[in-house]
Amino acid sequence: MPSYSRVTVPANFYDVTSDQLLQAPEPQYLYAGLYLGSLAVSLTPPDELGLPGRGVTGVGANYTAEDADRLMLSNPMFTDVIGAKVDFNAQPGSTMKINRPVYANTTYTESSRRINGTSISTTPINVGSQQTSLTLFTYGGPYDSDNSRVAPYGIESFDANLGVFNASRMHGTHLKRDFHRFVDSVNVALLDLASSTVYPEGMSADDDATTAGQFPFTYEQMSRCEQEMDDANLPTFADGFRAIVLSPTQLKQLKDDPQYQRASQVFPAYNILFPGYVGSVGKFHVFRSTTLTSSANSSSVAIHYGHAIAPGALLAGMGRRPAVVPNTQDNYKQTQLVIWVADLAFGSA
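Residues numbered from 1 in each chain as written. Predicted model: local features only at pLDDT ≥ 70, side-chain atom pairs only at ≥ 80, totals over all residues. Heavy atoms only, no water.

Asks: Just to check I follow, could you spell out the overall build of the chain for this structure?
Replies: Each helix and strand in the chain was counted, giving six helices and 16 strands. Expressed as a percentage of the 349 residues in the chain, the buried residues total 36%. Once local pairs closer than 6 in sequence are excluded, the contacts in the chain between residues at least 24 apart make up 78%. (Helix = DSSP H or I, 4+ residues; strand = E, 2+ residues; numbered from the N terminus. Buried < 20%, exposed > 50% of the residue type's maximum accessible area, 1.4 Å probe, protein only. Contact = heavy atoms within 4.5 Å.)

This is the structure in structure tokens:
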């Protein structure tokens, strides 16, 4: 071995960082695209981060856009899933009430409605109605997991002019990704709260599964789900279909089902409208999402939750548009602290 080399005298060498970026595997955030698309809004980080005239733009190579790393499977999805889109002109904490008629089911026999030769009541009955509400809150990010609170990114003004990558673009990408993941996660959680759960055949609770793959997702389960939605008179999209969103595990099990293989079809037009769209079966268009809930039951078996969705299932509201904002304390222009902030309302019908 030579007496002078990187191995023998490592302190006399330095590493060079390439301005190329590798791809970071990212989910699509299907529900974030659905929610934000319905409001026609997105988070667009500015080129300068910090107070106007005091911020940093940075030098160096351009940084990737946050959606460049995403696994794009089926976007956009039907924006009719959002049943109400409310533009709040109010302070956070304000509540918007949304009405829905409730129709009474009484007696509809021919004999019960005859009025010839009988007196008609003069006592009125009420028209049924119910309300749901959307409350506007201020949200922000990113999040400090160690201290359980929203916390900023901090950018040193001097170092922003020395990096390989543009510091402003780098932090803007991370802010936008955090925002989209938050919106997606909130809507996943809302859909998980559905009042009705359709389990695989032979299963009635999460803890019934004691081994992995014991109760696979099947076409029969989808067919029962379709029946329950029909019995509940839930609406369909304009083409007569509803949407079902499944995890990769559920889709793998479904594709192994011979009934699904015989009944499923693919509409070429949807391959253009929804890149990566999985297919259609029964009265469902099938979509894939990698951000759905999966939790271990008492036997440590992963239980995957899919969503069968009809138009109007979710509600969306917005006050102030999402934006990247700086802290006014910038240490005499030396350190820029930035977060994203948005006034949003989330709900389900």
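Let us keep going from here.
Asks: Can you help me understand the packing of aromatic side chains in this one?
Replies: Ring pairs (aromatic) are described by centroid distance and by the angle formed between their planes. Taken as a whole and judged by the stated rule, the model has seven aromatic pairs. Look at F137 and Y139: their rings are 6.4 Å apart centre to centre, the planes differ by 70°, and that puts the pair in the edge-to-face class. The interplanar angle of 85° and the centroid separation of 5.9 Å between the aromatic rings of F182 and F346 together place this pair among those described as edge-to-face. Highlighted residues: F182 in helix α2 (residues 167-192) and F346 in strand β16 (residues 335-348), separated in sequence by 164 residues. If you follow K283 out to its NZ or CZ, it ends over the ring of F241, 5.0 Å from the centre. (Phe/Tyr/Trp six-rings, centres within 6.5 Å; stacked < 30°, edge-to-face > 60°. Lys NZ or Arg CZ within 6 Å of the ring centre and 35° of its normal.)

Asks: Sorry, what's going on with the confidence of the model for the chain here?
Replies: Regions with low pLDDT carry predicted coordinates that are not meant to be interpreted in detail. Considering every residue of the chain, the mean pLDDT works out to 82; 82% of them sit at 70 or more. Every residue in residues 68-76 is under pLDDT 50, and counting partners more than four places away or in other chains gives 36 contacts. (pLDDT = per-residue confidence, 0-100.)

Asks: Sorry, what's going on with the pattern of salt bridges here?
Replies: Oppositely charged side chains are able to pair whenever their charged atoms sit close together. For the coordinates displayed, the defined rule picks out five salt bridges. We note a salt bridge from R242 to D230, for which the minimum N-O separation is 3.0 Å. Here D230 lies in helix α3 (residues 219-231) and R242 lies in strand β8 (residues 242-246), a separation of twelve residues in the sequence. R242 gets classed as buried once you look at its relative accessible area, which sits at 2%. Assessed through its relative accessible area of 39%, D230 is described here as partly exposed. Taking the shortest distance from any N to any O, the salt bridge between R320 and D343 comes out at 2.7 Å. You can see R320 sitting in the loop between β14 (314-318) and β15 (323-326) and its partner D343 sitting in strand β16, a full 23 residues away along the chain. (Salt bridge = Lys/Arg side-chain N within 4 Å of Asp/Glu carboxyl O.)

Asks: Teacher, can you tell me more about the sheet that holds strand β9 (residues 279-281) here?
Replies: To summarise the sheet geometry, strands pair through backbone hydrogen bonds and adopt either a parallel or an antiparallel arrangement. One open sheet holds the four strands; their spatial order is β9-β10-β8-β13, and the pairing between them is mixed. Two strands bound the open sheet, and with one partner strand each, they are β9 and β13 (307-309). Going across the sheet, the axis of each strand differs from the next one's by a mean of 30°, ignoring polarity. The sheet strands contacting helix α4 (residues 248-255) are β8 and β10 (284-288), and the helix crosses β10 at an angle near 130°. (Pairing = 2+ DSSP bridges. Axes fitted to C-alpha atoms, helices over the stretch in contact; angles between N-to-C directions.)

Asks: Looking at this model, I keep getting lost on the packing of helix α1 (residues 30-39) against α2. Mind explaining?
Replies: Packing of α1 against α2 leaves a shortest axis separation of 7 Å and a crossing angle of 95°. Taken together, the axes of α1 and α2 are roughly perpendicular relative to one another. Residues L30, Y31, A32, Y35 and L36 of α1 form the contact with α2, whose participating residues are F179, H180, V183, D184, N187, V188 and L191. Across the contact of α1 with α2, the residue classes tally to nine nonpolar, two polar and one charged. (Parallel < 35°, antiparallel > 145°, perpendicular 65-115°, else oblique. Nonpolar A, V, L, I, M, F, W, Y, C, P; charged D, E, K, R; others polar.)

Asks: Could you clarify how one ought to interpret the side chain of D144 in this entry?
Replies: On the secondary structure map, D144 appears in strand β5 (residues 143-144). There is no salt bridge for the buried D144, and the closest opposite charge comes from R149, which lies 4.1 Å off by N-O distance. Looking at D144, its side chain comes within polar contact range of the main-chain nitrogen of D146, at 3.1 Å. (Lys, Arg positive; Asp, Glu negative; His and termini not counted. Polar contact = N/O pair within 3.5 Å; in protein donor to acceptor, adjacent residues only side chain to side chain.)

Asks: Explain the nonpolar core to me, please; I cannot follow it from the model alone.
Replies: Among soluble globular proteins, nonpolar side chains are generally buried collectively. Counting residues in each nonpolar core, the largest one holds 36 residues, and the members touching the most others are Y31, Y35, F179, V183, V245, I309 and L344. Listing elements by their share of this core, those giving two or more residues are α1, α2, β8, β14 and β16. Contacts of Y35, omitting those with residues within four sequence positions, involve I82, V183, N187, L315, A316, G317, L344, A345 and F346. Residues F217, M222, M229 and V286 belong to the second largest nonpolar core, which totals 15 residues. (Core = buried A, V, L, I, M, F, W, Y, C linked by side-chain atoms within 4.5 Å.)

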